[in-house]
Amino acid sequence: TGSSRPQRMLKAVQKNATKGDPESVISAIDYYCRHKEWAMNVGDEKGLILDSVLTEVNPSTALELGTYCGYSTVRIARLLSPGSKLITVEFNPAFAAVARQIIAYAGLQDKVTLVEGPSGDLIPKMKARFGIKSFDFVFLDHWKDRYVPDTKLLEDCGLVSEGSVLLADNVICPGAPEYLKYVRNSPRYESRYYKSNLEYTKVEDGLEKSVFLG
Ligand SMILES: O=c1[nH]cnc2c(O)c(F)c(-c3ccc(F)cc3)c(-c3ccc(F)cc3)c12
Ligand SMILES: [Mg+2]
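All of these numbers come straight from a predicted model, not from anything done at the bench.

1. Let's talk about the site of ligand 1
Every residue close to ligand 1 is listed here: W38, M40, D141, H142, W143, D169, N170, C173, P174, L198 and E199. Here E199 contributes a side-chain N or O atom positioned 2.6 Å from an oxygen atom of ligand 1. Contact with the protein chains hides 65% of the accessible area of ligand 1, taken as 510 Å² for the molecule alone. Structurally, ligand 1 is housed in the largest pocket.

Below, the structure is given as structure tokens:
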């Protein structure tokens, strides 16, 4: 059988990016997805918002739900301070296999732990397995129907504390209406919407940033 979209994306990185240079990996993926074959990376436009929120938070421990091919993993890890860690969760093994190679190509494997499996099963194991006290930053980019249950799980497991920042992708397209209701109506969150566009398109999408108040 033929190659998959993630495999073709990996090939484009290996062909067009410089090993050990995260910026070139990001640019190679954005070029490929804009001009050759669309893929569901957060992309260059929403990526700039991710960068700015990340730089503001400067997390010691960060969590990403939904690795896909590792594009946002590379965007996040490249901005982490020395000694800071990113845990990224992916349930699709084929996606995880490509992501590992893209993260390694960018030279960021020492800052990133990729865990394969369903987020709902893995979140309760985070403290024991990785000695995490709590996450300063969480990027939700996996599946819209998991945004609320996984946020509640993070709260119940004591994995978010006062000041922890949640940033959720795709809150408009395909949309996460229950999540928006949850974080916007809860007295435990201070929420703000960053209007943008669906990756590589002119369709509206945006990111919701929610600060946990404890
Ligand atoms: O599932 C996702 N996870 C994370 N990020 C995503 C993302 O950034 C996206 F842009 C899309 C998207 C949106 C519009 C579209 F037309 C196709 C795909 C999806 C998505 C939505 C529905 C599906 F059936 C499959 C994929 C995701
Ligand atoms: Mg997304």
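Once you've had a look at it, read on.
2. Looking at the coordination of the magnesium ion (ligand 2)
Around a metal, the idealised angle for a tetrahedral arrangement of four donor atoms is 109.5 degrees; for an octahedral arrangement of six donor atoms it is 90 or 180 degrees. The magnesium ion (ligand 2) binds to the protein through D141 (OD), D169 (OD) and N170 (OD1), with metal-donor distances spanning 2.0 to 2.2 Å. Ordering the donors of the magnesium ion (ligand 2) by residue number gives the pattern D-x27-D-N. Here D141, found in the loop between β4 (137-140) and α8 (147-156), pairs with D169, found in the loop between β5 (165-168) and α9 (171-175); they are 28 residues apart in sequence, far enough to count as distant. On the basis of relative accessibility, which here comes to 13%, the residue D141 falls in the buried class.

3. A look at the confidence of the model for the chain
Chain-level statistics for the chain give a pLDDT mean of 98 and a share of 100% at 70 or above. Here the predicted complex carries an ipTM of 0.99, next to a pTM of 0.99.

4. Describing the layout of surface pockets
The computed volume of the largest pocket comes to approximately 520 Å³. As for the largest pocket, its lining consists of 26 residues, and the residues nearest its centre are M40, G66, D141, H142 and W143. Secondary structure elements with two or more residues in the lining of the largest pocket: β2 (85-90), α6 (119-122) and α9.

5. Brief notes about the nonpolar core
With 44 residues, the main nonpolar core has I29, I102 and F137 as its most contacted residues. Breaking this core down by element, the ones donating at least two residues are α1 (5-16), α2 (22-35), α3 (43-57), α4 (71-77), α5 (93-105), β3 (112-116), β4 and β5. Those residues in contact with I29 that sit more than four places away from it in its chain are M9, V13, N41, Y71, I102 and Y200. Membership of the second largest hydrophobic core comes to 26 residues, among which are V160, L166, A168 and V183.

6. Considering the packing of aromatic side chains
This structure, assessed with the given rule, holds 4 aromatic pairs. Centroid distance Y182 to Y189: 6.2 Å. Interplanar angle 55°. Geometry classified as tilted. Ring centres of Y189 and F212 lie 5.3 Å apart, and the angle between their planes is 55°; on these two criteria the pair is classed as tilted. With Y189 in strand β6 (residues 189-197) and F212 in strand β7 (residues 204-212), the pair connects residues that are 23 residues apart, well separated along the chain. Judged by relative accessible area, Y189 falls into the buried class, the value being 5%. In textbook terms, an aromatic cluster arises when at least three aromatic residues are bridged by ring pairs, as seen for Y182, Y189 and F212.

Here is what the cut-offs are and how they apply
- Residues numbered from 1 in each chain as written.
- Chains lettered and ligands numbered in written order.
- Predicted model: local features only at pLDDT ≥ 70, side-chain atom pairs only at ≥ 80, totals over all residues.
- Heavy atoms only, no water.
- Near = heavy atom within 4 Å.
- Polar contact = N/O pair within 3.5 Å; in protein donor to acceptor, adjacent residues only side chain to side chain.
- Areas by Shrake-Rupley, 256 points an atom, 1.4 Å probe, with all protein chains shown as cover.
- 1 Å grid on protein atoms, 1.4 Å probe; cavity = no way out; pocket = protein on both sides within 12 Å on 5 of 7 lines; lining within 4 Å.
- Sits in = over half its atoms within 2 Å of the grid points.
- Donors = N, O, S within 2.8 Å, 3.2 Å for Na, K, Ca; no water.
- Helix = DSSP H or I, 4+ residues; strand = E, 2+ residues; numbered from the N terminus.
- Buried < 20%, exposed > 50% of the residue type's maximum accessible area, 1.4 Å probe, protein only.
- pLDDT = per-residue confidence, 0-100.
- Points joined across faces, edges and corners; volume = space filled by probe spheres on them.
- Core = buried A, V, L, I, M, F, W, Y, C linked by side-chain atoms within 4.5 Å.
- Contact = heavy atoms within 4.5 Å.
- Phe/Tyr/Trp six-rings, centres within 6.5 Å; stacked < 30°, edge-to-face > 60°.

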